[in-house]
Amino acid sequence: MLASVELDALDRALLRELQNDARQTNRDLAAKTGVSPSTSLERVRLLRERGVITGYHAALDLDAAGRPVQALISVRIRPPARPVIEGFREWAARLPEVIGLFVTSGGHDFLIHVAVPDVDGVYAFVIDRLTERREVADVQTTMVYEHVRPRRIEPAPAAPGRPRSPRTAR
């Protein structure tokens, strides 16, 4: 896991604008954040190099993509050994129904977010995919009525009294 990166007001503004529209031109991004295009380009490059920006992708409407039914499926694995957990994680992450996968603590080891065409798709995923795996000890399914996702994620505020790194002071 990467350490937290110190972000200044310009970094935050650039991230906010890119999350609103990652396809905008650098010239438009610079104008919206009040800096020159060369400054904007350099700062975005640094945000990518520092691992703050990890990629750009299109957001899909699941209904329009033919996958309007969502469920959260809790899975308990036995035995709870690292190779078993990692093997299941890698297998589940490759399944086409899976749109999110969390390794968790507590009563279950995984929380799997699926999107499928209909309720029968949820049933088939649980019965035909999950329960065929020997390491799956328990499965609990929760149907999703509505999935609200924030359009953007604001970075955590800087810790008070922490000096800024020379790299973010530019």
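Structure shown above.
Summary of the structure given here. For clarity, every value in this text was computed on a predicted model and none was experimentally measured.

1. A word on the overall build of the chain
At step 1: Regarding its fold elements, the chain presents 5 helices and 4 strands.
At step 2: Scanning the chain from its N terminus toward the C terminus, one meets helices and strands in the order α-α-α-β-α-β-β-α-β.
At step 3: Counting only C-alpha atoms, the chain reaches 55 × 40 × 25 Å along its principal axes.
At step 4: Evaluated residue by residue, the chain yields a buried proportion of 32% over its 170 residues.
At step 5: Within the chain, residue pairs in contact and separated by at least 24 positions form 69% of the contacts whose partners lie at least 6 positions apart.
At step 6: If the 25 positive side-chain charges of the chain are averaged to one point and the 22 negative ones to another, these points end up 8 Å apart.

2. A few points about the packing of helix H1 (residues 9-20) against helix H3 (residues 37-49)
Packed helices, taken two at a time, are described by the angle their axes make and the gap between the axes.
At step 1: Close contact between H1 and H3 brings their axes to 10 Å; oriented N to C, the two are set at 85 degrees. Here H1 is positioned roughly perpendicular relative to H3, judged by the angle of their axes. Across from Leu-10, Asp-11, Leu-14, Leu-15 and Leu-18 in H1, the residues of H3 making contact are Thr-39, Ser-40, Arg-43, Val-44 and Leu-47.
At step 2: For the contact of H1 with H3, the class distribution of residues is 6 nonpolar, 2 polar and 2 charged.

3. Observations regarding the packing of helix H2 (residues 26-33) against H3
At step 1: Put simply, H2 and H3 touch, their axes get as near as 8 Å, and they point 100 degrees apart. Judged by the inter-axis angle, H2 sits roughly perpendicular to H3. On the side of H2, the interface is formed by Asn-26, Arg-27, Leu-29 and Ala-30, while H3 contributes Pro-37, Ser-40, Leu-41 and Val-44.
At step 2: Looking at side-chain class alone, the contact of H2 with H3 contains 5 nonpolar, 2 polar and 1 charged residues.

4. Concerning the nonpolar core
At step 1: Residues Ile-73, Val-75, Phe-88, Ile-112, Phe-125 and Leu-130 are the most contacted members of the largest nonpolar core, which totals 20 residues.
At step 2: If you list the elements that add at least two residues to this core, you get strand E1 (69-77), helix H4 (82-93), strand E3 (110-116) and helix H5 (119-130).
At step 3: Looking at which element gives the most residues to this core, the answer is E1, with 5 residues.
At step 4: Discounting chain neighbours no more than four positions away, the residues touching Phe-125 are Ile-73, Leu-95, Glu-97, Val-98, Ile-112, Val-114 and Leu-130.
At step 5: In this structure, Leu-14, Leu-15, Leu-18 and Ile-53 belong to the second largest nonpolar core, which totals 9 residues.

5. Topic: the sheet that holds strand E4 (residues 136-144)
At step 1: Strand order across the open sheet formed by 4 strands is E2-E3-E1-E4, with antiparallel pairing between neighbours. For this open sheet the edge positions go to strand E2 (98-103) and E4, each flanked by a neighbour on one side alone. The mean inter-strand angle of the sheet, taken between neighbouring strand axes irrespective of direction, is 20 degrees.
At step 2: Examined bridge by bridge, E2 and E3 share 5 bridges and lie antiparallel to one another. Among the inter-strand pairings, Val-98 is bridged to a residue of E3, identified as Val-114.

Scoring rules and cut-offs
Residues numbered from 1 in each chain as written. Predicted model: local features only at pLDDT ≥ 70, side-chain atom pairs only at ≥ 80, totals over all residues. Heavy atoms only, no water. Helix = DSSP H or I, 4+ residues; strand = E, 2+ residues; numbered from the N terminus. Buried < 20%, exposed > 50% of the residue type's maximum accessible area, 1.4 Å probe, protein only. Contact = heavy atoms within 4.5 Å. Lys, Arg positive; Asp, Glu negative; His and termini not counted. Charge placed at Lys NZ, Arg CZ, Asp CG, Glu CD. Axes fitted to C-alpha atoms, helices over the stretch in contact; angles between N-to-C directions. Parallel < 35°, antiparallel > 145°, perpendicular 65-115°, else oblique. Nonpolar A, V, L, I, M, F, W, Y, C, P; charged D, E, K, R; others polar. Core = buried A, V, L, I, M, F, W, Y, C linked by side-chain atoms within 4.5 Å. Pairing = 2+ DSSP bridges.

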